Amino acid sequence: MHLHKFEKIWLIFGGVTLVAFIIVLAINAFSHGHHPPSDLNRVVPAMVDQTAPFDQPGLVKKGENKYDLNMPSFAFGYAPAEQVIPLGAEVTFRTTSKDVIHGFAIPGTNVNMMVVPGHVNTATTTFTKAGEYMVICNEYCGAGHHMMMAKLVVK
Amino acid sequence: MTTTAIPKRDASMSLAYIVIAFFAFGIGAIAGLLQGLVRGGMIELPDWMNYYQILTAHGVLMALVFTTFFIIGFMISGISKTTGGLSTFSFRAGWIGWALMFFGTAMVVATILLNDASVLYTFYAPLKASPWFYIGAALLIVGTWVAALGMFSAYRRWRKNNPGKMSPLFAFMSIATLVLWMIATLGVAAEVLFQLIPWSFGWVAEVNVLLSRMLFWYFGHPLVYFWLMPAYIAWYVCIPKIIGGKLFSDSLARLAFILLVLFSIPVGFHHQLMEPGISEKWKFIHVILTLAVVVPSLLTAFSMFAVFETAGRRRGAKGLFGWFTKLPWKDVRFFAPMVGMLMFIPAGIGGIINASNQMNAVVHNTIWVVGHFHLTVATSVVLTFFGISYWLVPALTGRKLTKWVNRLGIIQTLIWSVGMLFMSGAMHFMGLLGVPRRTDYTTYMDSEMALGWIPYYQQMAIGGALLFVGGMLMIGIFIYLLCFAPKGQEEYPIAEMEQNAEQTPRILERWRIWLTVAAVLILLAYGYPIFDILQNPAPGSPPLRTW
Ligand SMILES: [Cu+2]
C-alpha cells in the first residue's frame, strides 16, 4: 500500500512518541512500583464485620511513621467516620464493601480506589501537610451517595 | 411528487430511527438541564423525582438510545444510497430491529420513571433494578442485531453482484462499525442474560460482581468507538464532497477502520484500573492495547487535514495555511462537524490521560471523566450528528435546507460549542480538584474544600443551560426540516476517489482474516482473566436496592 511521504513521517513520529510514552509508563509501574490499587484479597460481603482486620476498624501502627487504616465502606459511610492521623505518617488505607460498589477517594492525595463487594482494596499515601481531609465516595451507591464521607484530621 | 435521495421506503425507515433518536435527545436534554441546575445549587427537585433518577434517564437516553437510533438510521440510509436500495429482506430486518429497539427503550424508560431502575446507565451490580429494565436493555441490543443482519445482507448482495470490485466505502465503514458493535455487545448481552436477569428475578441468589464489570467494560469501551466511527464515516466520506474535494485515500480509510475494530475491542480493563481483583500485569497489557488506538486516530487526523488542504488549494488558496480560509465556513453541513473535529484534539489528549496507568488515579471517577466524554461524545460526535442531520433529514424527506436554517444552524452550533466549553471546561478543572462525578448537590457537611467547589458548579450549570438552549434549537430545526421546509432536493454527499488513486489492497476486505485476528486479540486480553474468575470466583453479592 502506498503511503504519502508526509503521512509516513507523521505516523513514524506518532508511533515513536507512543512507544516512548508506553516505556515511561512501564518503567514507572514495574521499576518504581507505581501501580494502581490492585489488591487480590477477598472477603464475604455479609461477613465483613466478623472478618479481620475489618472487625476492628481504625488505625494500626505498623512501624515508625507507618500505619494501616482499616476502614470498611457501606451505604452510606465509612467506619470510623472520623480519624486522627499523625503528621508525616505513611498510611495504607484498606477497605472493602459490605453491600454495593463504592468509591474511596481522598481529594488532594493520590488515594482513589474502587470498593467492590467481595474484594479488598488498598492504597498508600503519606500525609506531609497538616489539616482536614475528606474520604468521599465517588461511585454512585444509592440515595445517600452524596452524603457518604469520613473525616481525616492530620496533626 | 417529492424525490428523496434514496428509495422512498428506505428513506422512511431511516427517518423512523432518527425521529426516535431526536425524541430521546429532547427528553435527555431536559434531564441534563435539571441536573446542571441542581448541582449548581440553583434549584431543588420536587419530592417525587430524585437526582439519580434523572441522572439515569439522561445517561440512558443520551448515551444509549439517542446514539444507537441515530447511528443505525444513518447507516441504513448510506447503505441504501451506496448499494442501490435495500432488498426486501434488509428492509424487513430494519423494521423488525426498529420495533425491538423501540419496545426495549419503552421498557427501560418506564422502569426509570417508576423509580425502579435508578442505577445509572452503567447499572453496576449489586444495585438491583427491576428485571424489566434489564430485559428492555437486552431488547434494545437484540433490535440492533436484527437491523445489522439486514445491513450485512445488503453488503453481501452488493459484493455478489459486483465481483472483483471493492465495496463502496460508506458501506464498508458501516459494516466495520457493525462488526465492532456485534462483537462488543456480546459482552453486555452475556452480562444481562446470564447474570443480571436471573439474579434480579431471584432465580439465583448471588451475582459475581467482578465478572459483571468485566463483561460490561468489554462492551463499554468499544461502545465509544461505536459512537465515533459513524462520525468518522461522515468525516471521511461525506465532508470531502460537501467542501468540493475528493476522498483522500480509500485504502487508508479502510485501514483505519480495521485497526479501530482490532484495537478497541480488547481494552476494557483501563476502565477498571482502580479496581481490586485484577492484577497489575493484566491492567498494564490493556493499557498498551488501549494506547494503540491512537494509531487509527492519527491516520484519521492526517487524512482529514489532507482533504481540507487539497480542497482549499483547488479553490485557489496560497501559502502554507491559506487553504484554511478557503473552507466553506458558512455551510453548517461543514461547520458543525468541523468544530467537532477541532474539539476532538483536546478530547483525545484527555483520553490518553485517562488510559494511562498512573495518571488515571488523579481523575478516576471524578467529574473530569464526565467533562471528557462530554467533549468526545457530546461535542465531537454529536456536532457531527447534527451536521449530518442538516442534510440527511431534508434529503430523506425530499425537502431543502434553506438559507436561513443554514444560518440558524451555525448559531446553534456556536451555542452548543460555547455551552460545552463552559461546562466541560469546569468539569475538567473540578476533576483535578477531586470533585466526584455522579453526585447530587452536596457540601459534605460544609467542609471547607467542598464549599470552594461551588463557583465551578455554577459555571457548569451556566454551560448546561446554554447547551439546553442549543439542544432545543436543534430539535426545532429538526422538526422544521422534517415537516415544514420547502420541497426540493438535497444532496446526499458521497465523495469520489481522486482520479489517480491507487488500487486498494484486497486484503482490507477479507473479513475472515480480520475477525480471526480480533478473536485472537480478545482471547489474549480476556481469556485468562475470565477463565480465572470462573474457576476461582470471589464471594458473590445478593441484590440490593439502595435508592
Ligand atoms: Cu458509596
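Residues numbered from 1 in each chain as written. Chains lettered and ligands numbered in written order. Predicted model: local features only at pLDDT ≥ 70, side-chain atom pairs only at ≥ 80, totals over all residues. Heavy atoms only, no water.

(A) A look at the overall build of chain A. Counting its regular elements, chain A contains 1 helix and 11 strands. Along chain A, from the amino end to the carboxyl end, the secondary structure elements read α-β-β-β-β-β-β-β-β-β-β-β. Taken against the 2.2 N^0.38 rule, which gives 15 Å for 155 residues, the C-alpha radius of gyration of chain A at 20 Å runs more than 25% over that of a compact globule. The principal-axis extents of the C-alpha atoms in chain A amount to approximately 65 × 35 × 25 Å. (Helix = DSSP H or I, 4+ residues; strand = E, 2+ residues; numbered from the N terminus. Rg over C-alpha atoms; globule rule 2.2 N^0.38 Å.)

(B) Fine view of the coordination of the copper ion. Surrounding the copper ion are the protein donor atoms A:H102 (ND1), A:C137 (SG), A:C141 (SG) and A:M148 (SD), at 2.1 to 2.3 Å. Geometry at the copper ion is tetrahedral, judged from its 4 donor atoms and the angles of 92 to 124° they form at the metal. (Donors = N, O, S within 2.8 Å, 3.2 Å for Na, K, Ca; no water. Tetrahedral: all angles 85-135°; square planar, octahedral: opposite > 155°, others 65-115°.)

(C) Geometry of the domain arrangement of chain A. For chain A, the assigned domains are domain 1 (1-34) and domain 2 (38-154). A separation of 37 Å is found between the C-alpha centroids of domain 1 of chain A and domain 2 of chain A. (Domains from an automatic or database assignment.)

(D) Inspection of the pairing of strand β2 (residues 66-70) of chain A at higher detail. All names here are of chain A. Among the 5 residues that make up β2, 4 are buried, leaving the element largely enclosed by the rest of the structure. In this sheet, β2 lies alongside strand β1 (residues 58-63) in antiparallel orientation, the contact comprising 5 bridges. Bridge pairing in β2 places G63 opposite K66. Counted along the chain from β1 to the antiparallel partner β2, the turn is 2 residues long, and its residue N65 has a positive phi close to 65°. Direction of pairing for β2 relative to strand β6 (residues 90-95): parallel, over a ladder of 5 bridges. Its bridge partner lying in β6, K66 is registered against E90. (Buried < 20%, exposed > 50% of the residue type's maximum accessible area, 1.4 Å probe, protein only. Pairing = 2+ DSSP bridges.)

(E) Structural detail: the interface of chain B and chain A. Every contact between the two is made by 73 residues of chain B and, on the other side, 57 residues of chain A. Counting the surface lost from both chain B and chain A, the interface buries some 5,200 Å², and carbon and sulfur atoms represent 71% of this. It is B:P276, B:Q358 and B:Y444 in chain B that bury the most area against chain A; as a group they hold 12% of the surface buried on that side. Note that A:E139 and B:R438 form a salt bridge whose closest N and O atoms lie 2.9 Å from each other. (Contact = heavy atoms within 4.5 Å. Buried area = accessible area lost by both parts, 1.4 Å probe. Salt bridge = Lys/Arg side-chain N within 4 Å of Asp/Glu carboxyl O.)

(F) Summary view of the side chain of B:T185. All names here are of chain B. Residue position: T185 is located in helix α5 (residues 169-200). For T185, a relative accessible area of 0% corresponds to the buried category. Within the structure, the side chain of T185 is placed 2.7 Å from the backbone oxygen of W181, a separation counted as a polar contact. At 3.2 Å, the side chain of T185 forms a polar contact with the backbone oxygen of M182. Contact partners of T185, with chain neighbours within four places excluded, come to I141, W145 and F219. (Polar contact = N/O pair within 3.5 Å; in protein donor to acceptor, adjacent residues only side chain to side chain.)

(G) Inspection of helix α7 (residues 250-264) of chain B at higher detail. In a regular helix each residue adds 1.5 Å, so 15 residues correspond to 21 Å; α7(B) covers 21 Å between its end C-alpha atoms and thus fits that length. For α7(B), the buried fraction is high: 13 of the 15 residues fall into the buried class. (Expected span 1.5 Å × (residues − 1).)

(H) Region of interest: the sheet that holds β1(A). Residues and elements named next belong to chain A. The 4 strands lie next to each other as β1-β2-β6-β9, forming an open sheet whose pairing is mixed. Two strands bound the open sheet, and with one partner strand each, they are β1 and β9 (121-126). Strand-to-strand twist of the sheet, defined as the mean angle between neighbouring strand axes without regard to direction, takes the value 25°. (Axes fitted to C-alpha atoms, helices over the stretch in contact; angles between N-to-C directions.)

(I) Fine view of the packing of helix α9 (residues 294-314) of chain B against helix α10 (residues 332-355) of chain B. Residue and element names in this part refer to chain B. The interhelical angle for the contact between α9 and α10, taken along N-to-C directions, is 150°, at an axis separation of 12 Å. Classified by the angle between their axes, α9 and α10 sit roughly antiparallel to one another. Relative to α10, α9 is oriented so that their crossing is left-handed. Every residue of α10 that contacts α9 at V294, M304, F305 and F308 is listed here: F334, M338, M341, L342 and I352. (Parallel < 35°, antiparallel > 145°, perpendicular 65-115°, else oblique. Left-handed = near helix turned anticlockwise from the far one by under 90°.)

(J) Region of the structure containing unusual backbone geometry. A cis amide bond, omega 0°, links A:A52 with the succeeding residue A:P53. Residue placement: A:P53 occurs in the loop between α1 (5-31) and β1. Along the chain, B:A125 connects to B:P126 via a cis peptide bond; the corresponding omega equals 5°. By secondary structure assignment, the location of B:P126 is in the loop between α3 (88-113) and α4 (131-161). Even without being glycine, B:N115 reaches a positive phi, approximately 60°. Note on placement: B:N115 falls in the loop between α3 and α4. Backbone geometry places B:N365, a non-glycine residue, at a positive phi of 60°.

(K) Quick look at the packing of aromatic side chains. Residue and element names in this part refer to chain B. On inspection of all chains with the given rule, the structure shows 53 aromatic pairs over all chains. With a centroid separation of 5.6 Å and an interplanar angle of 85°, the aromatic rings of F25 and F386 are classed as edge-to-face. Taken together, the positions of F25 in helix α1 (residues 8-39) and F386 in helix α12 (residues 367-397) put the pair 361 residues apart, joining distant regions of the chain. Connected via pairs of aromatic rings, a cluster forms that spans F22, F25, F66, F70, F74, F170, F385, F386, W391, W416, F478 and Y492. Directly above the aromatic system of F91 lies the positively charged group of R9, at a separation of 4.3 Å from the ring centroid. We note R254 situated over the ring of F172; from NZ or CZ to the ring centre the distance is 4.8 Å. (Phe/Tyr/Trp six-rings, centres within 6.5 Å; stacked < 30°, edge-to-face > 60°. Lys NZ or Arg CZ within 6 Å of the ring centre and 35° of its normal.)

(L) Examining the environment of B:G431 more closely. Residue and element names in this part refer to chain B. Mapped onto the fold, G431 is located in helix α13 (residues 403-433). Placed 72 residues apart in sequence, G431 and M359 show a C-alpha to C-alpha distance of 12 Å. With residues near it in sequence (within four places) discarded, G431 still touches V362, T366, I367 and W368.

(M) A look at the environment of B:T442. Of note, B:T442 is situated in the loop between α13 and α14 (448-451). Along the backbone, B:T442 and B:R545 are 103 residues apart, and their C-alpha atoms lie at a distance of 22 Å. A distance of 3.1 Å separates a polar side-chain atom of B:T442 from the backbone oxygen of A:H146.

(N) Fine view of empty space enclosed by the protein. Residues and elements named next belong to chain B. On inspection of all chains with the given rule, the structure shows 3 cavities of 30 Å³ or more. Computed from the structure, the largest cavity encloses a volume of approximately 180 Å³. Along the walls of the largest cavity sit 16 residues, with L64, F123, A137, L140 and I141 positioned nearest its centre. Broken down by secondary-structure element, the contributors of at least two residues to the lining of the largest cavity are α2 (51-83), α4, α5 and α6 (209-242). Taken together, the residues of the lining of the largest cavity sort by class into 15 nonpolar, 1 polar and no charged. By volume, the second largest cavity is sized at about 50 Å³. Lining of the second largest cavity is provided by L169, Y236, L247, F248, S249, D250, A253, S303 and V307. Classifying every residue of the lining of the second largest cavity by side-chain character gives 6 nonpolar, 2 polar and 1 charged. (1 Å grid on protein atoms, 1.4 Å probe; cavity = no way out; pocket = protein on both sides within 12 Å on 5 of 7 lines; lining within 4 Å. Points joined across faces, edges and corners; volume = space filled by probe spheres on them. Nonpolar A, V, L, I, M, F, W, Y, C, P; charged D, E, K, R; others polar.)

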